[in-house]
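Residue-level listing of the chains:
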Amino acid sequence: MQNNNKSERLAEPYEVEEKSAQKGVTEEEPNKLIKQIAQEKYKYGFTTDVHTEVIERGLNEDTVRLISAKKNEPEWLLEFRLKAFRYWQTMEMPTWAHLTIPEIDYQAISYYADPTVKKKGPKSMDEVDPELIKTFDKLGIPLEERMALSGVAVDAVMDSISVKTTFKETLMEKGIIFCSISEAVREHPDLVKKYLGSVVPYRDNFFAALNSAVFSDGSFVYIPKGTRCPMELSTYFRINAANTGQFERTLIVADDDSYVSYLEGCTAPMRDENQLHAAIVEIVVLDRAEVKYSTVQNWYPGDAEGKGGVYNFVTKRGHCRGVDSKLSWTQVETGSAITWKYPSCILGGDNSQAEFYSVAVTNNYQQADTGTKMIHIGKNTSSTIISKGISAGKSQNSYRGLVRVAEKADNARNYSQCDSLLLGSQCGAHTFPYMDIHNETAIVEHEATTSKISEDQLFYCNQRGIPTEDAIGLIVNGYAKEVLNKLPMEFAVEAQKLLAVSLEGSVG
Amino acid sequence: MLEIKDLHADINGKEILKGINLSVKAGEVHAIMGPNGSGKSTLSNVLVGHPSYEVTKGTVTFEGKDLLTMSPEDRSHEGLFLSFQYPVEIPGVSMVNFMRTAVNEQRKYKGLPALSASEFLKLMREKRAVVELDTKLANRSVNEGFSGGEKKRNEIFQMAMLEPKLSILDETDSGLDIDALRIVAEGVNKLKTPETSVLVITHYQRLLDYIKPDVVHVLYNGRIVKTAGPELALELEEKGYDWIKKELED
């Protein structure tokens, strides 16, 4: 039951649709189970009761000015925001994705929520509200350095504010800058000014323009020339306040001959209302530098009936600007009601390499339209795309990818593999690979498979004493192994568990 | 060990088992023979709790416990094993990982601690020898790309790992050449103890040349219509099933 599809230089996008189950899985029974489990298994769904300063709902130029003022930003940044805002007002929300997006009232959202209330970021642990420390403890992200996961520095962001960044001083000794973007604007304005918006310009797309106008915290990383970052850097994003949007902005610059591995994680409380999250991540990779960027995205996905959940509209892009540079994206996407996300690479430098490894899981009523763009510009560039979609419940899961080879990109090489795994009979899996090849020397390959976890496989496991939920976990982790192996070791185990939990109750 | 009383079962509303009575004691080997469509595979599937079948009447007790109310995995934990007629392939799941999960689930059920990686691998090496299963196969995904004979050997290997009290061999001889048949049957015999029982479901006498039954039953049209000693299997081999059908009609 596997379709193998191998084609070279496919001109037209095509769609693999049609996922019907022949086996009689009764729908009522699993639904009961799904309901229970979907409710109890999102263990990050709690809220933190902390005094939070939330600005009035609505979005206009004054809102943009207010956010900028609250952050004490320099004039050039306010100008950047205003230009973006004005441009955003001329735009309409994109509709090309394979998503059903309910109308979003941008005036009903608050664009800034500060749970620390203090004007400046706290300087020591004593100054941080203990509730916030507790929250991150509960999420498994201890913010006290002595308790932290060894070898991982964390920037913890709640709502619009970076609460705390660990190991900042230790890293500084090597010249590595790891701090919130707000702090970077204050402390390292030249670097920020040089690179902000250089990979994702505010005119890039609707959500990029929105983010550029109202972005709040996110992380800033600068790895100096010839430096190998001695620890994993990681940012943990948490939405807490109700009716607010989160608009994080992350900028990573790896200077010549440097290396960094970076990981982001995200969670949000269970709320009946949908919450908007529109982020931008920009990565600049200079000569012979290497960046590994991993994401474990676990925003609240909504309940079993599709109520609530985070709308996740994210623009992530890296620019391999230097020769022999390398960028690797790894993502495990299990959360969010709607995911719209295409971590991409511009392979500008000669001999640059890029990778995209993705596992996207959708269950219940979740929708995901995710993939990548590989833009080959330099000579002898190569890219690899491995995408594993897993759909269950009534969810829709799409892979959308573009491979473009520019005229002068001699000897470009791309290999794409897009696999879909279906659980149950009411979900959809779709593949939209686009190829745009302008150089004859390019070698571009695309492979796709679709498979289904069958009742027979599950029963076989049951007969050997393995309960259905564990059987699904085994099969799904086997299927996603290639991608999970790319995660930093500390997180691979967590991600494995997360996959199993996200799919619990998805087969009757 | 196993006590089946007046068992009736349906698939898709069609009655296949129409009142099965069967009693298997510890240490016994029973053969169930019968023509195609008589309900042999249904019986084995019902015993292990396959969800496609519905029991409409009757009782099954296993070691004094009501089997029919147990989940399929608990039936396994209690010591019931089915060697499938068509073992399914599970791509991406290594045999090692699969077996380790199965063994440790059983241990959890019995209140025993999970085996460490080295203890488990040692056990695996030991049991692999029972059916001469290649190391190569043990490192592959479950049944993926296995030949028909390798799949059946793998079934008996799993039986060795799980040490069931009652093993049901559903047409284990089908698709096996004579050498594979011997290896599989010898494997079953090596695992046999005075405390364990085997239910052999087969069309043919040839498997029973190796695995000697104490009792032979003929299943026909959803009922056990004849029960006798091992000589019955030989008689069936020689004369086919028509004479039994005829006997029933008279």
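Residues numbered from 1 in each chain as written. Chains lettered and ligands numbered in written order. Predicted model: local features only at pLDDT ≥ 70, side-chain atom pairs only at ≥ 80, totals over all residues. Heavy atoms only, no water.

**Topic: the interface of chain B and chain A**
Opposite the 30 residues of chain B that make contact, chain A presents 17 residues. Taken over both partners, the interface formed by chain B and chain A buries close to 2,000 Å², and the fraction arising from carbon and sulfur atoms is 65%. On the chain B side of the contact with chain A, B:Glu73, B:Phe84 and B:Val88 bury the most area, a combined 23% of that side's loss. Taken together, the links from chain B to chain A amount to one salt bridge. For B:Glu155, the salt bridge is made with A:Arg464, and the minimal N-O distance between the two is 2.6 Å. Run the count over chain B and chain A and you get 13 residue pairs in polar contact (both at pLDDT 80 or more). The set of elements that each furnish at least two residues to the side of chain B that touches chain A consists of α2 (72-78), β6 (80-83), β7 (90-94), α3 (95-109) and α6 (148-162) of chain B. Of the residues forming the side of chain B that touches chain A, the biggest block, five residues, is contributed by α3(B). By residue class, the composition of the side of chain B that touches chain A is 16 nonpolar, ten polar and four charged. (Contact = heavy atoms within 4.5 Å. Buried area = accessible area lost by both parts, 1.4 Å probe. Salt bridge = Lys/Arg side-chain N within 4 Å of Asp/Glu carboxyl O. Polar contact = N/O pair within 3.5 Å; in protein donor to acceptor, adjacent residues only side chain to side chain. Helix = DSSP H or I, 4+ residues; strand = E, 2+ residues; numbered from the N terminus. Nonpolar A, V, L, I, M, F, W, Y, C, P; charged D, E, K, R; others polar.)

**Things to note about the sheet that holds strand β4 (residues 53-62) of chain B**
Residues and elements named next belong to chain B. The four strands lie next to each other as β2-β1-β4-β5, forming an open sheet whose pairing is antiparallel. Looking along the sheet, the strands with just one partner apiece sit at the ends: β2 (14-24) and β5 (65-66). For β4 and β5, the ladder comprises two bridges, and the chain directions are antiparallel. Within the sheet, the bridge partner assigned to Phe 62 lies in β5 and is Lys 65. Against the sheet, helix α1 (residues 40-48) touches β1 (2-11), β2 and β4, its axis set at about 105 degrees to β1. (Pairing = 2+ DSSP bridges. Axes fitted to C-alpha atoms, helices over the stretch in contact; angles between N-to-C directions.)

**Quick look at the side chain of A:Thr362**
Residue and element names in this part refer to chain A. Assignment of secondary structure puts Thr 362 in strand β17 (residues 353-362). For Thr 362, a relative accessible area of 1% translates into the label buried. Of the polar contacts made by the side chain of Thr 362, one reaches the side chain of Ser 395; its length is 2.8 Å. Leave out the neighbours within four places in its chain, and Thr 362 touches Gln 367, Ala 368, Ile 390, Ser 391, Ala 392, Ser 395, Gln 396 and Asn 397. (Buried < 20%, exposed > 50% of the residue type's maximum accessible area, 1.4 Å probe, protein only.)

**Comments concerning the packing of α3(B) against α6(B)**
Residues and elements named next belong to chain B. Where α3 contacts α6, the axes come no closer than 10 Å and their chain directions differ by 35 degrees. Relative to α6, the crossing made by α3 is right-handed. Counting all contacts with α3, which are made through Met 95, Phe 98, Met 99, Ala 102, Val 103 and Gln 106, the residues of α6 involved are Asn 154, Phe 157, Gln 158, Met 161 and Leu 162. Residue classes in the contact of α3 with α6 are distributed as eight nonpolar, three polar and no charged. (Left-handed = near helix turned anticlockwise from the far one by under 90°.)

**Side note on the pattern of salt bridges**
Taken as a whole and assessed by the stated rule, the structure comprises 28 salt bridges over all chains. Across the pair A:Lys388 and A:Glu482 runs a salt bridge, and its minimum N-O distance is 3.6 Å. Residue A:Lys388 is located in strand β19 (residues 382-391), and its partner A:Glu482 is located in helix α10 (residues 468-484); the two are separated by 94 residues in the primary sequence. We classify A:Lys388 as buried; its relative accessible area is 6%. Salt-bridge contacts for B:Lys127 lead to B:Glu163; the nearest nitrogen and oxygen are separated by 3.0 Å. Of this pair, B:Lys127 sits in helix α4 (residues 117-128) while B:Glu163 sits in the loop between α6 and β9 (166-170); the two residues are 36 residues apart in sequence, bridging distant segments of the chain. Take B:Lys127: its relative accessible area is 13%, and that puts it in the buried class. Using a relative accessible area of 56% as the deciding quantity, one classes B:Glu163 as exposed.

**A closer look at the confidence of the model for chain B**
The predicted model of chain B averages 92 in pLDDT, with 100% of residues at 70 or higher. What the predictor reports for the complex is a pTM of 0.81 with an ipTM of 0.96. (pLDDT = per-residue confidence, 0-100.)

**Let's talk about the environment of B:Leu207**
All names here are of chain B. Relative to the elements of secondary structure, Leu 207 occurs in the loop between β10 (197-201) and β11 (215-220). Sequence spacing of Leu 207 and Ala 31 is 176 residues, and the spatial spacing of their C-alpha atoms is 10.0 Å. Sequence-distant contacts of Leu 207, that is, excluding residues within four places in its chain, are made with Asp 173, Leu 181, Ala 185 and Val 200.

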